[in-house]
Amino acid sequence: MLQVKNKSFRIGAAITLFMLLLILVGTFWTPYDPNAMSAAEKMAAPGLRHPLGTDNFGRDILSRVVEGTRATFLVALCSVAIGLLAGLVIGGLTGYYGGWVDELLMRLNDSLTAFPSLLLALVLIAVFRSGKYSIILVLGVLFIPSFARIVRTEVAQQKALDYVRSARLMGVRDMRVLFVHILPNILPVLLSSVAIGFNNAVLAESSMSYLGLGVQPPDASLGRMLNEAQAYLLRAPWYALSAGLAVILLVLGFGLLSEGFGGEGRA
Amino acid sequence: MKKRILALVLAVLMTAALCACGGGKSPEVQPADIPNGSAGEKAPGGEITVGIAADLDTSLDPHVSSSSAGTREVLFNIYEGLVKPDTDGNLIPAIAEDYSVNETADAYTYTLRSGVRFHNGKTVTVGDVVYSLSRAAGLDTGEPLVSELAGIASVEAVDDRTVVVRLKKPDAEFNAYMYAAIIPEGVDIAAETVGTGPFRLVSRTPQESVVLERFADYWGEGAKLDKVTLKVIPDAQTMVLSLRSGAIDMAERLSSSQVADLGDLTILEGGNNVVQALYLNNDYEPFRDLRVRQALCFAIDKHALIELASDGHGTPIGSAMIPSMGRFVVPELTDYYKPDVEKARALLKEAGYEKLRFTITVPSNMQPHVDAAQVLVEQLRAAGIEATIRLVEWAAWYDEVYKGRDFEATVVGMDTHSLAASGCLARYQSDSSKNFINFKCDEYDETYRRAIAAVDEAEQTALFKQCQTILTEQAASVYIQDVASFVALQKNVGGYLFYPALYILDLASMYRAQ
Amino acid sequence: MLLVTLLLVSLIAYLAFEIIPGDPTTMLLGSDYSEERAEALRESMGLNRSVLVRYLDWLGSFLHGDPGTSYSYAMPVREVLRGKLAVTAVLSLMSWVLVIGVSLPFGIALVRYQNKPFGKLGVSVNQVFMAFPPFFLGIMLTYIFGLLLRLFTPGRFIPFSESVPGCLAYLFFPALAISIPKIAKTVKLLRASILSEMKRDYVLTAYSHGSSRWMVLKNHVVRNALLPVVTYLAMSLADIVASSIIVEQVFVVPGLGRLLVASISNRDYPVALCIVVMIASVVVIMNYLADILTQAIDPRVRLS
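Residues numbered from 1 in each chain as written. Chains lettered and ligands numbered in written order. Predicted model: local features only at pLDDT ≥ 70, side-chain atom pairs only at ≥ 80, totals over all residues. Heavy atoms only, no water.

Observations concerning the overall build of chain A
When you go through chain A residue by residue, the secondary structure sums to nine helices and zero strands. N-terminal to C-terminal, the α/β element order of chain A is α-α-α-α-α-α-α-α-α. Here chain A, with 267 residues, has 56% of them falling under the buried criterion. Put simply, 71% of the contacts in chain A that link residues at least 6 apart link residues at least 24 apart. In chain A, the 21 positive side-chain charges and the 16 negative ones have mean positions that sit 3 Å from each other. (Helix = DSSP H or I, 4+ residues; strand = E, 2+ residues; numbered from the N terminus. Buried < 20%, exposed > 50% of the residue type's maximum accessible area, 1.4 Å probe, protein only. Contact = heavy atoms within 4.5 Å. Lys, Arg positive; Asp, Glu negative; His and termini not counted. Charge placed at Lys NZ, Arg CZ, Asp CG, Glu CD.)

Quick word on the domain arrangement of chain B
All names here are of chain B. Domain annotation of chain B identifies domain 1 (39-57 + 201-271 + 485-512), domain 2 (79-177) and domain 3 (273-482). Contacts between the two partners involve 14 residues from domain 1, matched on the other side by 18 residues from domain 3. Around 1,300 Å² of area is buried between domain 1 and domain 3 when both sides are counted, 55% of it from carbon and sulfur atoms. For the interface between domain 1 and domain 3, the tally reads zero salt bridges. The tally of links between domain 1 and domain 3 comes to seven residue pairs in polar contact (both at pLDDT 80 or more). Elements supplying a minimum of two residues to the side of domain 1 that touches domain 3: helix 5 (256-259) and strand 12 (266-271). For the side of domain 1 that touches domain 3, the per-class residue count stands at nine nonpolar, four polar and one charged. (Domains from an automatic or database assignment. Buried area = accessible area lost by both parts, 1.4 Å probe. Salt bridge = Lys/Arg side-chain N within 4 Å of Asp/Glu carboxyl O. Polar contact = N/O pair within 3.5 Å; in protein donor to acceptor, adjacent residues only side chain to side chain. Nonpolar A, V, L, I, M, F, W, Y, C, P; charged D, E, K, R; others polar.)

Some details on the nonpolar core
Grouped together as the largest cluster of nonpolar side chains are 151 residues, with contacts concentrated most on Phe 115 and Leu 226 of chain A together with Ile 194, Leu 217, Phe 251 and Leu 260 of chain C. The residues that make up this core include at least three from each of domain 1 (1-80 + 271-304) and domain 2 (84-254) of chain C. Trp 397, Ile 452, Phe 464 and Ala 501 of chain B belong to the second largest nonpolar core, which has 44 residues in total. (Core = buried A, V, L, I, M, F, W, Y, C linked by side-chain atoms within 4.5 Å.)

A short note on the interface of chain B and chain A
Listed as interface residues are 26 residues of chain B and, on the opposing side, 26 residues of chain A. The three residues of chain B that bury the most area against chain A are Gln 237, Leu 308 and Gln 374 of chain B, which together make up 28% of that side's buried surface. At the junction of chain B and chain A, the tally comes to two salt bridges. On the surface where chain B and chain A come into contact, there are seven residue pairs in polar contact (both at pLDDT 80 or more).

Re the side chain of Glu 148 of chain B
Residues and elements named next belong to chain B. Secondary-structure assignment places Glu 148 in the loop between helix 3 (126-137) and strand 6 (152-159). The charged side chain of Glu 148 is buried without a salt bridge, its nearest counter-charge being Lys 434 at 4.5 Å. Apart from residues lying up to four places away in sequence, Glu 148 is in contact with Tyr 177, Tyr 179 and His 417.

What about the side chain of Ser 134 of chain B?
Residue and element names in this part refer to chain B. Note that Ser 134 resides in helix 3. Residue classification places Ser 134 among the buried positions, given a relative accessible area of 12%. With near-sequence residues (within four places) excluded, Ser 134 lies in contact with Leu 139 and Val 155.

A short note on the pattern of salt bridges
Two side chains of opposite charge can pair, provided their charged atoms sit close to one another. Here the structure, examined in full by the defined rule, presents 32 salt bridges over all chains. We note a salt bridge from Arg 82 of chain C to Glu 79 of chain C, for which the minimum N-O separation is 3.4 Å. Judged by its relative accessible area of 36%, Glu 79 of chain C falls in the partly exposed class. When salt bridges with common partners are traced through the structure, they connect Asp 55, Arg 59, Arg 64, Arg 224 and Glu 228 of chain A into a single cluster.

Some thoughts on the sheet that holds strand 4 (residues 96-101) of chain B
Consider a sheet: its strands pair through backbone hydrogen bonds, and that pairing is either parallel or antiparallel. Residues and elements named next belong to chain B. With antiparallel pairing, four strands are arranged side by side in an open sheet as 4-5-7-6. Two strands in the sheet have a free side with no partner beyond their single neighbour: strand 4 and strand 6. Taking the axes of each pair of neighbouring strands and ignoring which way they run, one obtains an average angle of 20° across the sheet. One ladder, built from five bridges, connects strand 5 (residues 107-112) with strand 7 (residues 162-167); its direction is antiparallel. Residue pairing in the sheet places Thr 111 in a bridge with Thr 162 of strand 7. Relative to strand 6, helix 3 is tilted by about 180°, and along the sheet it contacts strand 5, strand 6 and strand 7. (Pairing = 2+ DSSP bridges. Axes fitted to C-alpha atoms, helices over the stretch in contact; angles between N-to-C directions.)

Here's what the structure looks like:
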């Protein structure tokens, strides 16, 4: 079903697997408690005890990078899931049935995509109050229009194809046609969009947390850590570098994967 | 062909690099050898750029008492009252040359200094003084703009140099409130900034900068600098970068972690003159129970907090008084609650809140409070209390927490407007509009009322001390510290002065060595 | 259609600011005030009328070039935005020019040297740069060029009024941070587009006529392959404006970004709304132009 091709897919898969492994291990074990402070070990340089050193509260940076990656990953995952599910339902129904509802929703969709997502996130976060769950919700809502649009276009195209026509002629119920017959056929395009959406979510989460609107301290998130690390650029450049590298690896891995899923998806 | 493309790419890069070099050259500042705070080569004139963490308030009306501390410390350079504070914590004559108080402490007489001019060139008259005080005390409207002046019954000009202020009831501390700005009559002060201070406001660009210039006709010694640009830098990390790069000459109220990376600059340390506390909403269900509030006090180790959040810099406190308030401070209250996790757990169990959870709302632009909150969360966790931080914008904090009183707990620093003890303590009266923690205690109200009315200074001091003891015993909030204020100055800038008790940035004494 | 979308955009923005909790009057009055004064202020600010009336009222004056008065600064929004608008516009345009100026030659070069080490390495480097968040690049640029090499002074923005070259030199670094990931994406798109074009019949015909690979590329392929790229470039200006909001914070550039964040937090809706609607309008118009452009270049594409 999926055309798994080229080298970039393999590299992407390797990076993503590595990050997933890191997140999985981090869920059960980190070298130190990522939030535990120690007055005796503030701003320690990388060494045997702390491979990436400690921050201004004496917290272990490696543990925090792992924990931050996990937090960023989960936020991205959940928000893409929200966007995808809502997008599937809205896009599927409007694409399948068409009509004035379709027209109206797509017009609304156009207007919403006119706002750069970051701008909309800034406004929305002021409504929902900042925090980890708000950011998931805000980003999730933000992703609905783009997913809905992709699903709608694909469904509308598939609808005209012979296999759907014959299924309908045979009296298969609409919902079954939509989700059992059409869905698997638009999966490749969808998967690629999911990967791209995921990357946008990672970037959006880290940007928002960098501005102080996402994950709240003392909890770690990659954007939050980048903000904190900025003051210590000269004394502890590894702090910013390790958090930045984690963002890049997450995005790079999924970016390469999305190509592997076949072609340029949009999101 | 190959070469042409390479050349194109190169050209683009070269242009970019040249661009960068051309404009970015920053002359290396030669460190002039000036000892901290001492005179050095005081060359008059010059200008400096100062980084400030928040833009000034919308209104620069000096009589708006709800103005933020950050705005008031700038206005200190533009407006003056009849008296003003000095660096020893005394009141010195300013627009008034002299003053006297009658025996019953309900009438104060001020003699004006002659030849004091406003920034618009006009001379200060008794008319201006009567107008200013009447306006601030709300004598016409019945609504005092400066709440400390609510006790004024009348303001009268006796002759063209003398003004008498009569009070509704005796108040021995009243002179401390006479910092209230004197403004020119007939000027819309909300729209036009005209004072008598050593600096005058030249321009203001929203979220960007405020420019002050030396006022040449100042009555006193006047400012040393010709011009000061206050640059708005709300991000703590960016402030450090700007200091390090030399983009700004000075910033104050920095945290120890902010200045740790600024080895090449002059670093001074003093107090912020704020009461930093984990302020508890006494109306929030669990915090209505004294035992819960006390449990929080026992759960927190303020010395460890100061060590973690600011490398041991900061003055621990045990009640609501700013530690530099001298005779009013009660040092033995500092360690009234010795850190004791077991005791905290026991108290919570007794109160029926074994699994206590609450949210600490913190204004995001205030790094020392954000840092303290992070340590608090960890310390509370050790006592089985689950606290979460919610960072909010300053405006939202003000709206929800301070004005709306819709919060569970918050970490901020409260400052005082005046050198009087009431500046720190008035807010805990049950009916005070500033009592945002909803503290209610009849004994406190009564003690405070007696303290205000007391004419004898010793008696009054004792009563104010008793007020603080009540606050501590009642665990009104978890008092932590006066946050250390670090001031970073480029090597060729000096003259920064620390004031006790008040939140002040005195630019007049600052200078730049040539 | 364009107008309908623009209207919807402004309505959505207006409503979004309606539901944000918090009351602008409290910011103006402070803590010691009476309900009557607050009510009087609300009345004078026109806050007690219905949402729709206020929206239409606002829209009317907005279209006449008057976006209202800032709550926070008690001056016309136009005054508040003056200067800042230009800074963000220059920064965005500079980034855009960088994207176009670098990505086109680089993308073509990558195809030209597809089988050489340069081409292979270039593709990998490009892929990595795509994953860089602009604000992280900003932090790194500040560190390397600002603090280590001292090519510019982070935080000391030079306004136009002081020195135009100085200003442009300062803005070059934030522009770089914004444009690098965009360049990478454009290069990738261009490369893919050229490669797919190369497989077409007319290219094979050209080869059979004895043209060299480079001649084919230059004379036939690039022009056709540019089509999707041009559309992408037109639309990417919007993203660039959005990234500049964050990157401005990293470099302390006094543009719209800082003002937007501050005005949202200060509930200064007239300012925030004006900025949001302006940015969104740019996006809508650019998208529309991109559609028209696509149609003009390739008549097979019809506007729906």
